[in-house]
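Commentary on secondary and tertiary structure
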Amino acid sequence: MADLSTEYLGLRLANPLVPSASPLSRDLDTATRLRDAGAPALVMYSLFEEKIEQEEQQLARFLHQQGIGHGEADSFHPVPADYHSYLDSYLEQLHRLKTLDIPIIASLNGTTLGGWVEYGKLLEEAGADALELNVYYIAANLAESSHDVEQRYIELLRQLRQQVSLPITMKLSSQFSSPLNFIQRLEEAGASGVALFNRFYLPDIDLDTLKITPTLNLSSSHESLLRVRWTALLHGRVNLSLAVTGGFHTAEDMLKALLAGADVTHLCSALLEQGPQHLARVLEDMQHWLDEHEYESVRQLKGSLSQQHAIDPAAYERVNYISVLDNYTPPPGVLR
Ligand SMILES: Cc1cc2nc3c(=O)[nH]c(=O)nc-3n(C[C@H](O)[C@H](O)[C@H](O)COP(=O)(O)O)c2cc1C
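Keep in mind that this is a model prediction, so the values were computed, not measured. (Residues numbered from 1 in each chain as written. Predicted model: local features only at pLDDT ≥ 70, side-chain atom pairs only at ≥ 80, totals over all residues.)

**Comments concerning the overall build of the chain**
The number of helices and strands found in the chain is twelve helices and twelve strands. Whereas a compact globule of 336 residues would reach a radius of gyration of roughly 20 Å, the chain reaches 22 Å, a difference of no more than 12%. In the chain, buried positions account for 37% of the 336 residues. Within the chain, residue pairs in contact and separated by at least 24 positions form 72% of the contacts whose partners lie at least 6 positions apart. (Helix = DSSP H or I, 4+ residues; strand = E, 2+ residues; numbered from the N terminus. Rg over C-alpha atoms; globule rule 2.2 N^0.38 Å. Buried ≥ 20, exposed ≤ 12 C-beta atoms within 10 Å, placed from the backbone. Contact = placed C-beta atoms within 7 Å.)

Below, the structure is given as structure tokens:
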């Protein structure tokens, strides 16, 4: 049987199918079922900058009001001993997940430099095995150049790097002008890995109410090919762990990512739709494919179709564009 193990962020994992940040890690029972189905590690749901700051402001207001209006009553109204902060809940869940005996990757999510980044230190102290930093940023400012946007990521990473000695992986958007150059700069700034790519929820317009409504649709497999391409272009060019996230549902999707050079493939939508047991089925299908194709290990497969190793490296670039258009064969019923 082919060896499915892989290395990711310096961690040795039993296989490459890692559930990504999502509500799946909020519940210990679901997380246990994922572990039992074969999940070799878990990425936790995110700790959000906005929620941290909102809570800090509320607390500051509370203490300030005590200070000005009710000075003599201060000792009667301290912060309650059982006060349970957003951070406390996150750290407690991290402790609970650590009992599963698989690596737990904590996730920080925010966009601005600030005190919230220091929370990385607490996550490290609480036993996180690595950190994922998700800078979910919409570049909606006319005055901000693409260089400014990239610097935002790099500065955040640098700030977090100063707080922790854990491996840090950056969960990135696909919308950068020159992703390879940018990712190389992230490596120089201390990243240990990248996760390609964030899926942005899209604001929709309700034609009846004329209101803007956020929509979060789960993914489908066809989204995975964008990630496969950029992984293939990156593999061998940077010394980073590579994860793919977005559209990875079936064993076929996972195998393509590994052939392109991914170290792990993240799953979220597929697990939300089909439940933890889906992971076991995908693992079984992968194992079957590898054995049938006489691969001894995931290691042997990994990157064998990256751009550097592909027989036709141009297939990942523009060169193939014209021939793809010229050779387009419409399915039945579609105009040519
Ligand atoms: C309901 C839901 C909650 C999510 N929560 C987070 C989160 O807290 N932090 C984060 O970085 N990504 C979060 N994601 C994004 C997923 O981790 C994943 O990157 C994305 O859904 C693409 O993978 P998929 O196609 O397998 O769903 C969430 C996604 C969904 C659907």
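**A few points about the nonpolar core**
By size, the foremost hydrophobic cluster in this structure holds 80 residues, and its most contacted members are Leu42, Ile105, Leu131, Leu133, Leu157 and Val194. Ranked by the residues each element gives to this core, the list is headed by helix 8 (residues 251–260), at six residues. Ignoring anything within four residues of it in the chain, the contact list for leucine 131 reads Ile105, Ala106, Leu108, Gly120, Leu123, Leu160, Val164, Leu166 and Ile168. (Core = buried A, V, L, I, M, F, W, Y, C linked by C-beta atoms within 7 Å.)

**Side note on the site of the ligand**
Ser20, Ala21, Ser219, Cys268 and Ser269 are the nearest of the 22 residues found near the ligand. Looking at the shell around the ligand, the elements that each hand over two or more residues are strand 4 (42–48), strand 5 (104–109) and helix 9 (269–274). Class assignment of the residues belonging to the shell around the ligand gives a composition of nine nonpolar, eleven polar and two charged. (Near = placed C-beta within 6 Å. Nonpolar A, V, L, I, M, F, W, Y, C, P; charged D, E, K, R; others polar.)

**Side note on the sheet that holds strand 8 (residues 193–196)**
The sheet built from eight strands is open, its strands ordered 3-12-11-8-7-6-5-4 with parallel pairing. Every other strand in the sheet has two partners, leaving strand 3 (17–19) and strand 4 as the edge strands with one partner each. Strand-to-strand, the axes of this sheet are offset by a mean angle of 25°, without reference to chain direction. Sheet topology places strand 5 next to strand 6 (residues 130–134); five bridges connect them, and they run parallel. Note that in strand 6 the partner of serine 107 across the bridge is glutamate 132. Docked against the sheet, helix 5 (residues 146–163) engages strand 6 and strand 7 (168–172), running at close to 155° with respect to strand 7. (Pairing = 2+ DSSP bridges. Axes fitted to C-alpha atoms, helices over the stretch in contact; angles between N-to-C directions.)

**Focus: the pairing of strand 4**
A large share of strand 4 lies buried, amounting to five of its seven residues. Pairing of strand 4 with strand 5 involves five bridges; the strand directions are parallel. In the strand pairing of strand 5, leucine 42 is matched with isoleucine 104.

**So, the environment of leucine 305**
With respect to the helices and strands, the residue leucine 305 is situated in the loop between helix 11 (298–301) and helix 12 (319–326). Considered as a pair, leucine 305 and leucine 233 are 72 residues apart in the sequence and their alpha carbons are 10.0 Å apart. Leaving out residues up to four positions away in the same chain, leucine 305 has contacts with Ala232, Leu259, Ala260 and Ala310.

**Quick word on unusual backbone geometry**
In the segment running from leucine 196 into phenylalanine 197, the intervening peptide bond is cis, with an omega of -5°. Relative to the helices and strands, phenylalanine 197 resides in the loop between strand 8 and strand 9 (202–206). Backbone geometry at aspartate 101 places phi at a positive 65°, although glycine is not the residue there. Its location among the elements puts aspartate 101 in the loop between helix 3 (86–98) and strand 5. We note that glutamate 294 has phi near 60°; this positive angle belongs to a residue other than glycine.

**Considering the packing of helix 8 against helix 10 (residues 277–292)**
Viewed as axis vectors pointing N to C, helix 8 and helix 10 meet at an angle of 60°, and their least axial separation amounts to 9 Å. Taken together, the axis directions place helix 8 and helix 10 in an arrangement best described as oblique. Here helix 8 and helix 10 pass one another in a crossing that is right-handed. Of the residues in helix 10, those in contact with Ala251, Met254 and Leu255 of helix 8 are Val282, Asp285, Met286 and Trp289. (Parallel < 35°, antiparallel > 145°, perpendicular 65-115°, else oblique. Left-handed = near helix turned anticlockwise from the far one by under 90°.)

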